[in-house]
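The lines below spell out each chain.
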Amino acid sequence: MSQEANPAPRSLAEALRARDDASLAALLRSRPDLITPVPTDLTQLATRAGTRASVLRALERLDRFALQTAEALAVAPDPASGTALLGLMAGDAGDDTVAAALPRALATLREQALVWGDDERLRLVRTARELLAPSPGRPSPTGLGPTVHEAASGMSPGRIQEIVTTAGLASTHDSVSALTALTALFTHRKKMAKLLSGAPEGSLEVLSRLVWGPPYGQVTPEPAAHLRWLLDRGLLLPTAPGTVVLPREVALHLRAGRAHREPEPLPPAVEPAATHRPQGVDAAAAGQAHTALATVEELLKDWDEGGPAVLRAGGLSVRDLKRTAVALDAPEPVAAFWVELAYAAGLLASDGEADERYAATPFYDEWQERPPAERWALLAGAWLTATRAPGLVGGRDAKDRTLSALGPGLDRSAAPEVRHRVLTLLAGLPAGAAPAPESVLTRLHWERPLRGAAGTPRPARDTPAEDLRTRLARWTLAEAELLGVTGRGALSTQGRALLGMPGPGASGGPAGAGEPGGPGDKLPVRHHRASAPATAPAALAPAPLSPAERAAATATAARLLAPLLPEPLDHVLLQADLTAVAPGPLERPLAETLGVLADVESKGGATVYRFTPESVRRALDAGRTAADLHDFLTRHSRTPVPQPLAYLIDDVARKHGHLRIGAASAYVRCDDDALLTEILADKRAAALRLRRLAPTVLAAPSDPAALLEGLRAMGFAPAAESAEGDVLITRAHAHRTPPRTAPEPVPDGPPPPDGTLLSAAIRAIRAGDLAATAPRKPTGTDPAAGELPRTSAAETLATVQAAVLTGDSLWIGYVNAEGAASQRVIAPIRVEGGFVTAYDHTADEVRTYPLHRVTGVAELAEE
């Protein structure tokens, strides 16, 4: 480990002051909470970096080995040398892999300002030490207990001297030196080995149970002989009545110097479970993408005239979710995923009416007009960045309330990061390789061992407890397959492009020229550090795509998917059994008309439609004539129109509209009075309470719609008419919400700063630090305490005028128009009209200040 050329810093602020701008930018990028708001100087930045909330957030973003390194520093002497830290991590026997990985872990801790100091005086930030060091109420993650000095702090001096002499050491004149001698004994390998060689077998068994933690045990007031042997020599020390602890130094000797039982310097590899042809993976993914589009369209078509009501607390009721699952022929969790996906893409929302219901948004109509590949890319992009987790639906929140689809409480800020990371790990495998799910989960747990446990709702049923991050990863693998981002478990070429990564063929992978993902496809290259080899650290937080990069990635994914999707057909195959077979996806006008004329009987590779009297009447109600329907079927069928279907259309059309219904409350009129007599004589018409007004007119107290349905149920084919006597044409009413935007993702803390913000923030921090640390002549004020210089108006004017002549810089206190006070270092250029124009070193620009807002001035001390 290299030694720093500069003197060892005495504080974190000094360590930050010695960093260059690139290093400060790396810190602010990895811990964006430190830049909100921008600190005034480096001292404030160091203070903020040491707060409990910020340190906790930083620790949560450490990988397993970096966290183990921080845990080792928490139980090491403060400060610790690099040699001592290596001993704690690798043990007495050493470990080349640990030694090779330790500099990287230390660099990570330094970059995030959790560790400062040179390699011979490493200091863990005090708050991090408090969080990771062992205490009676919170054992250390290492399983180590307190030191001899800490454990024996409440013991009487006499008892300490007894322990020292029993351990074979000379008595001392005070407790401090006695505990120091005992510590030296416990840290001396040969002397400790000799001491333990005479221990009873029962004593060694007790030590073996406590060595890897927890280090605390219970004893009776009269301990057994083997426990008394340990207590008399200080190998166990009492911490409370009936409780003893294994001192840290003893445990480290028994562990051969290691702080952790199993150091994990290398990320576990993601193991492939199966390997498929890349072309087969892309084809399977494209098939799933086509199914996803059809499912979302079916969902929103089902809700076209107004979907389920919105619960008072928000979201779908359990009953409505079950109905949606039945309509989509999918399990409820899968139905919840499709509903949430449409919501995340901005295709559905609540209409905001008094009787609030869910419905498609105006954007849905625009989405439908796009090519299928673009529609899929929009869905996949919305899924990748959404913070809502559909897998939580059906679980319980912290207040034991059921989490409902489209309801509150489903946002998890870690979801986009987990989805992106899971897909990135899949991208690191050979093309066509599907990973073993457990190996993906193991890798994610290594990368973020502390993340995910907070905010995890209770499962809906008795299931094994898993942290949120693990559950999100499992859902990601399942949802990516449903959506067509993966195929047969492997990442597809279009899924890789969605991440903004080059296809496998671009780096010499198996994809060939002219294939999707091959060298012929110019994908937008973005340098993500994907699934790293075993000797390299993992890329835990790749830079997010900018809006322009995201749009380019989405367009590329759509372009790669487009050739793999089936072309829409302009024909069907009519069968003699009153069915029509669509051997593939249909063109939109054909699908819409056929959906009115026939009912969908089955789905799959081919869709089967069935013609019924009700479906034909539905088409006639929509304004079609029998001639229109015959012409439509003739034009779009590759087979002749079967005679039974032609007879069905003519028969329904002949009866359709023969009866007319209007409002009386309701009436029935017909030129054939015999038909009206037949209706009156039918017992099924009793509920309609019809009465004859004229030979060709019947009246009823019910409304026209109820009368229409009642007569149709009796087998007649009436048509509704307007007040003018014209036949009413009924068409499906497409209910739409007012314009709605897609829900905004809930960020996981402040967003990462962009380059412009970083540059401006570092410039402001440097300038503020210059103003705060510039040497000054004595003024009676303490700049370190934030006090501003105080001088009279005359003194201020005279000092500033003199500085104009001499060209010296001054330290001033300034209060702006909003009342915010600050201190600045300025070089006055001119003074006139009550204003001073000066080069402001703090802002790095020339500014003009009103003299009445200057609280005072002080000259800077000579260097």
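So, here is what we can say about the structure in this document. (Residues numbered from 1 in each chain as written. Predicted model: local features only at pLDDT ≥ 70, side-chain atom pairs only at ≥ 80, totals over all residues. Heavy atoms only, no water.)

## Re the environment of leucine 124
What counts, and what does not: Secondary structure elements follow DSSP: runs of H or I no shorter than four residues count as helices, runs of E no shorter than two count as strands, and numbering proceeds from the N terminus. To sort residues, take the accessible area from a 1.4 Å probe on protein chains only and compare it with the maximum for the residue type: under 20% means buried, over 50% means exposed, and anything in between is partly exposed. Two residues form a contact once any of their heavy atoms are found within 4.5 Å.
On the secondary structure map, leucine 124 appears in strand β2 (residues 123-124). Overall, leucine 124 belongs to the buried group, its relative accessible area being 5%. Measuring from C-alpha to C-alpha, the distance between leucine 124 and leucine 73 comes to 6.4 Å, with 51 residues separating the pair along the chain. Residues in contact with leucine 124, not counting those within four places in the same chain, are Ala70, Leu73, Ala74, Leu114, Val115, Arg129 and Leu132.

## Digging into a negative patch on the surface
The line we're drawing: Each patch is assembled from residues with relative accessible area greater than 30% and no salt bridge, linking like charges that lie within 9 Å and nonpolar side chains (Val, Leu, Ile, Met, Phe, Trp, Tyr) that lie within 5 Å. Reported accessibility uses the Shrake-Rupley method at a 1.4 Å probe radius. Residues are deemed covered only where the shown protein chains occlude them. A pairing counts as a salt bridge when a side-chain nitrogen of Lys or Arg comes within 4 Å of a carboxyl oxygen of Asp or Glu. A residue counts as positive if it is Lys or Arg and as negative if it is Asp or Glu; His and the chain ends are not included. Just so you know, the charge point we use is NZ for Lys, CZ for Arg, CG for Asp and CD for Glu.
On the surface, a cluster of negative charge is contributed by Asp671, Asp672, Asp673 and Glu678. One can find aspartate 673 in helix α30 (residues 673-681). Judged by its relative accessible area of 38%, aspartate 673 is partly exposed.

## What to know about the sheet that holds strand β13 (residues 579-582)
Note the cut-off: Any two strands between which DSSP finds at least two bridges are classified as paired.
Read across the sheet, four strands follow the order β12-β13-β15-β14 without closing on themselves; strand pairing throughout is antiparallel. Bordering the open sheet on either side are β12 (573-574) and β14 (599-602), each of which pairs with just one other strand. As paired elements, β14 and strand β15 (residues 607-610) share three bridges and run antiparallel to each other. Residue pairing for β15: aspartate 599 is matched across the bridge by arginine 610.

## Topic: the environment of proline 141
Within the secondary structure, proline 141 is located in the loop between α8 (126-132) and α9 (148-151). Residue class for proline 141 comes out partly exposed when judged on its relative accessible area of 48%. Not counting residues up to four positions away in its chain, the partners in contact with proline 141 are Glu71 and Leu132.

## Examining the nonpolar core
The cut-off we apply is this: What makes a nonpolar core is a set of buried Ala, Val, Leu, Ile, Met, Phe, Trp, Tyr and Cys residues whose side-chain atoms join them at distances within 4.5 Å.
Of all hydrophobic cores here, the largest spans 90 residues; its most connected members are Leu73, Phe186, Leu235 and Leu236. The greatest single-element share of this core, amounting to eight residues, is contributed by helix α5 (residues 64-75). Not counting chain neighbours up to four residues away, the residues in contact with leucine 236 comprise Val206, Leu210, Leu227, Leu230, Leu231, Val244, Val245, Leu246 and Pro247.

## Describing the sheet that holds strand β22 (residues 821-832)
Worth spelling out the cut-off: Only the stretch in contact is used when fitting a helix axis, every axis being a line fitted to C-alpha atoms; angles between N-to-C directions are given from 0 to 180 degrees.
A sheet is described by the order of its strands in space; here five strands give the open sequence β24-β23-β22-β21-β25, paired in antiparallel fashion. Here the strands that pair on one side only, and so sit at the sheet edges, are β24 (845-850) and β25 (854-859). Neighbour to neighbour, the strand axes of the sheet diverge by 45° on average, direction disregarded. Inspection of the sheet shows strand β21 (residues 810-815) paired to β25 by five bridges, in the antiparallel sense. Bridge pairing in β25 links isoleucine 812 to valine 857. The sheet strands contacting helix α33 (residues 793-806) are β21, β22, β23 (835-840) and β25, and the helix crosses β22 at an angle near 60°.

## A short note on empty space enclosed by the protein
Quick note on the threshold: Put plainly, a pocket is an open set of points on a 1 Å grid over the protein atoms alone with protein on both sides within 12 Å along at least five of seven lines, a cavity is a set where a 1.4 Å probe fits but cannot get out, and a lining residue has an atom within 4 Å of a point. Grid points are joined across faces, edges and corners, and a volume is the space filled by probe spheres set on the points. Three classes are used: nonpolar for Ala, Val, Leu, Ile, Met, Phe, Trp, Tyr, Cys and Pro, charged for Asp, Glu, Lys and Arg, and polar for all others, with Gly counted as polar.
Overall, the coordinates contain four cavities of 30 Å³ or more when judged by the stated rule. As for the second largest cavity, its lining consists of Phe337, Glu340, Leu341, Ala344, Trp383, Ala386, Arg388, Pro390 and Arg419. Here the lining of the second largest cavity takes four residues from helix α18 (residues 332-344), the largest share from any one element. Grouping the constituent residues of the lining of the second largest cavity by class yields six nonpolar, no polar and three charged.

## Describing the packing of aromatic side chains
The criterion, for reference: The pairing test for Phe, Tyr and Trp rings, Trp by its six-membered ring, is centres within 6.5 Å, and the orientation test on the planes gives stacked under 30 degrees, edge-to-face over 60, and tilted for anything in between. Ring-over charges, as used throughout, are those where CZ of Arg or NZ of Lys falls within 6 Å of the ring centre and within 35 degrees of the ring normal.
Tallying each qualifying case throughout the model produces four aromatic pairs. For the ring pair phenylalanine 337 and tryptophan 338, a centre distance of 5.0 Å and an interplane angle of 55° mean the geometry is tilted. For the pair tyrosine 814 and tyrosine 849, a centre-to-centre distance of 4.8 Å together with 65° between the ring planes defines the contact as edge-to-face. Highlighted residues: tyrosine 814 in strand β21 and tyrosine 849 in strand β24, separated in sequence by 35 residues. The exposure classification of tyrosine 814 matches that of tyrosine 849, with both residues buried. One Lys or Arg, arginine 375, reaches over the ring of tryptophan 367 and ends 5.4 Å from the middle of that ring.

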